[in-house]
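Read off the chains here:
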Amino acid sequence: MTEITCKLLVIGAGPGGYTCAIRAGQLGINTIIVEAEKPGGTCLNVGCIPSKALIHAAGEYETITGATEGKSALGISCAKPSLDFARTIAWKDGIVRRLNGGVAGLLKKAGVRLIAGHARFVDGKSIEVETRSGPQMIRAETVVIATGSEPIPIPSLPFGDRVISSTEALALTEIPNRLVVVGGGYIGLELGTAFKKLGAAVTVVEAAPRILPQYDGELSAPVGRSLSALGVTVLTGAKAKALAADGKALAVETASGEQTSLEADKILVTVGRRPATSGFGLETLDLDTIGPFLRIDDRCRTSMRGVFAIGDVTGEPMLAHRAMAQGEMVAEIVAGRRRAWDRVSIPAICFTDPEIVTVGLAPSEASGRGFEIKTDHFPFRANGRALTLEHEDGFIRTVARADNHLLLGIQGVGAGIAELSAAFSLALEMGARLDDVAMTIHAHPTQSEGFHEAALKSLGHAIHI
Ligand code: FAD
């Protein structure tokens, strides 16, 4: 077996791992990154990017279809559109391929060696990789575990054939006539909405009393209204049991305890993701865990000296930008810089229709932490730009300390507001107060004026409502 050495070895080239490796390369650290699949990880290959491509395609198709059905308030009409889904998928795959190549190119530019193969721990400093040309031993001073996460199956409804995870849903070659989505969290609703817009009959089965249980009810309500307007059937308080005897339907227990079955061509199970911690000898290291996740400190150090962990494998929020921020920080720590996790907030976006953005604390969370708060929201029905874009449903909400007006959280729901997350995050990181937002000139006409107005409203002097 050949043997090589390096200062830093990163296992997994998802957003956490590749960002860590690129930054380490920039800092002159001799770095190797090992990836079993394609560079970019879940996010680029079977997560963020392909799902957003599909959502965009579905939105375009729905707009045109609406026009053919006389639903366009803008007076636009056209003949019935057709959908060549194979081309849609080819377009999506083209974006993914381009970005795969981009990540590989960036690693190369930073002087990082990318080794393709499945890594396995021999001990805390030595990893064996099954490469195409045979086994390769790599010894490193420091190791970063960035192996990510995988979909959680329902034991009575294992993946296979009709029962699929988000990974298979993003690789379908035709639109299922009837799609049942088990799990009304962000992944299930993003994909369910896209397939409905593309022509599938979609039913969502959610065990909690409402969809998007991780968001507060005020934020999820506009999404619920939109799903209903789209014609998505949502069963809340309902439990998916198992495939029916003929394998063509899903047995469900409804909120009232009734047993029913939902015929489905595909059953998309999106009930959560679990850390990828098995199958690569991690148990030999006996690292501390918190539940299923690896325990890390504020520098992403695990319980073993010289072994760091970043990204989904370390717990919630399982988001690409958190993984990237951790990766960058760890590279700088390995280079000898003084860094620790000191971020005020990690934004989270749900790319449903409308989109939800949350940054910092929701009102109930802030009150729960003992803050006396000032909170208010500004509705998009009073925002000119939102009306011109037909984006009337939704609002922006600010949560601030009552005593000194320091912003603790900013949330919003509305079509196309994902891009506002940057302004929200910056405000929180910079320690902005309601008065700072109120004193900032926001360009007109933009949906961002809703942020300005929410701050003004909280201060008691909104102009446009
Ligand atoms: P991953 O991206 O999971 O990468 C881990 C990599 O490690 C993989 O490439 C894997 O092959 C490799 N690996 C694992 N074990 C080994 C081994 N032993 N040897 C070699 N390689 C190994 N997040 C957002 O922020 N925004 C979104 O809009 C969003 N949308 C999503 C949509 C879907 C459908 C899904 C499933 C996820 C979405 N996410 C989104 C979550 C996001 O994809 C993850 O948070 C992110 O990818 C985590 O990055 P990571 O680097 O920790 O791990």
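Criteria and cut-off values
Residues numbered from 1 in each chain as written. Predicted model: local features only at pLDDT ≥ 70, side-chain atom pairs only at ≥ 80, totals over all residues. Heavy atoms only, no water. Helix = DSSP H or I, 4+ residues; strand = E, 2+ residues; numbered from the N terminus. Buried < 20%, exposed > 50% of the residue type's maximum accessible area, 1.4 Å probe, protein only. Contact = heavy atoms within 4.5 Å. Pairing = 2+ DSSP bridges. Axes fitted to C-alpha atoms, helices over the stretch in contact; angles between N-to-C directions. Domains from an automatic or database assignment. Buried area = accessible area lost by both parts, 1.4 Å probe. Salt bridge = Lys/Arg side-chain N within 4 Å of Asp/Glu carboxyl O. Core = buried A, V, L, I, M, F, W, Y, C linked by side-chain atoms within 4.5 Å. Expected span 1.5 Å × (residues − 1). Near = heavy atom within 4 Å. Polar contact = N/O pair within 3.5 Å; in protein donor to acceptor, adjacent residues only side chain to side chain. Nonpolar A, V, L, I, M, F, W, Y, C, P; charged D, E, K, R; others polar. Parallel < 35°, antiparallel > 145°, perpendicular 65-115°, else oblique. Left-handed = near helix turned anticlockwise from the far one by under 90°.

A look at the side chain of Thr398
- With respect to the helices and strands, Thr398 occurs in strand β23 (residues 395-401).
- Looking at Thr398, the relative accessible area reads 0%, which means it is buried.
- Excluding its chain neighbours within four sequence positions, the residues that come into contact with Thr398 are Lys374, Thr375, Asp376, Leu407, Gly409, Leu434, Phe451, Ala454, Ala455 and Ser458.

Points about the sheet that holds strand β8 (residues 163-164)
- Reading across from one edge, β8-β15-β9-β10-β11 is the order of the 5 strands in this open sheet, with parallel pairing throughout. Because the sheet does not close on itself, it has two edges, and the strands there are β8 and β11 (233-236).
- Sheet analysis places β8 next to strand β15 (residues 266-269), joined by 2 bridges and oriented parallel. If you follow Val163 over to β15, its bridge partner there is Ile267.
- Across the face of the sheet, helix α6 (residues 186-197) comes into contact with β9 (178-182), β10 (201-206) and β15 while running at roughly 165° to β10.

What about the sheet that holds strand β12 (residues 239-243)?
- Judged by pairing direction, the sheet is antiparallel, and its 3 strands sit side by side in the order β12-β13-β14 without closing on themselves. Across the chains shown, the open sheet's two edge strands, defined by having one partner strand only, are β12 and β14 (259-263). Along the sheet, successive strands turn relative to each other by an average axial angle of 35°, direction set aside.
- The pairing of β12 with strand β13 (residues 249-253) spans 4 bridges and is classified as antiparallel. Of the residues in β13, the one forming a bridge with Ala242 is Ala251.

Details of the domain arrangement of the chain
- By domain assignment, the chain separates into domain 1 (2-53 + 86-151 + 274-334), domain 2 (163-271) and domain 3 (348-459).
- Contacts between the two partners involve 10 residues from domain 1, matched on the other side by 8 residues from domain 2.
- Both faces considered, domain 1 and domain 2 share a buried interface measuring about 670 Å² in area, 59% of it formed by carbon and sulfur atoms.
- At the surface where domain 1 touches domain 2, the tally comes to 1 salt bridge.
- Across the pair Lys52 and Glu190 runs a salt bridge, and its minimum N-O distance is 2.8 Å.
- Here the side of domain 1 that touches domain 2 takes 3 residues from helix α3 (residues 48-68), the largest share from any one element.

Observations regarding the nonpolar core
- The biggest cluster of nonpolar side chains holds 35 residues, and the ones touching the most others in it are Leu54, Phe195, Leu198, Val202 and Ile356.
- If you list the elements that add at least two residues to this core, you get α3, α4 (85-109), β9, α6, β10, α7 (217-230) and β20 (348-350).
- The residue makeup of this core includes at least three contributed by each of domain 2 (163-271) and domain 3 (348-459).

Some thoughts on α3
- For α3, which comprises 21 residues, the first-to-last C-alpha distance of 31 Å matches the rise-based estimate of 30 Å (1.5 Å per residue) to within 8%.
- Those residues of α3 lying buried are Pro50, Ser51, Ala53, Leu54, Ala57, Ala58, Gly59, Tyr61, Thr65, Gly66 and Ala67.
- Looking at the buried residues of α3, the elements they touch are α2 (41-46), α4 and α6.
- Where α3 ends, the next residue or the one after it, Gly70, has phi of about 70°, a positive value.

Here's the deal with the site of the ligand
- Neighbouring the ligand are 37 residues, the closest being Glu35, Thr42, Lys52, Asp312 and Ala320.
- Contact distances for the ligand include 3.2 Å between an oxygen atom and a backbone N or O atom of Cys43.
- Here an oxygen atom of the ligand sits 3.3 Å away from a polar atom, N or O, in the side chain of His321.
- Of all the secondary structure elements, the ones that give two or more residues to the shell around the ligand are α1 (15-26), β2 (31-35), α2, α3, β4 (118-123), α6 and α8 (320-334).
- Across the shell around the ligand, the residue classes break down as 17 nonpolar, 15 polar and 5 charged.
- When residues are assigned to domains, the shell around the ligand turns out to be shared by domain 1 (2-53 + 86-151 + 274-334) and domain 2 (163-271), each giving three or more.

Focus on the packing of α1 against α4
- Remark: α1 packs on α4, axes separated minimally by 8 Å, with the N-to-C direction vectors making an angle of 30°. As judged from the angle between their axes, α1 and α4 are roughly parallel. At the point where α1 passes α4, the crossing takes the left-handed sense. Every residue of α4 that contacts α1 at Tyr18, Ala21 and Ile22 is listed here: Val103, Leu106 and Leu107.
- When its residues are assigned to classes, the contact of α1 with α4 shows 6 nonpolar, no polar and no charged.

Concerning the environment of His405
- Considering the arrangement of structural elements, one finds His405 in the loop between β23 and β24 (407-414).
- In sequence terms His405 and Ser458 are 53 residues apart; their C-alpha atoms lie 9.4 Å from each other.
- Ignoring sequence-local partners within four residues, the contact set of His405 consists of Lys374, Ala400, Ala432, Arg433, Leu434, Asp435 and Leu459.
- Of the polar contacts made by the side chain of His405, one reaches the side chain of Asp435; its length is 3.1 Å.

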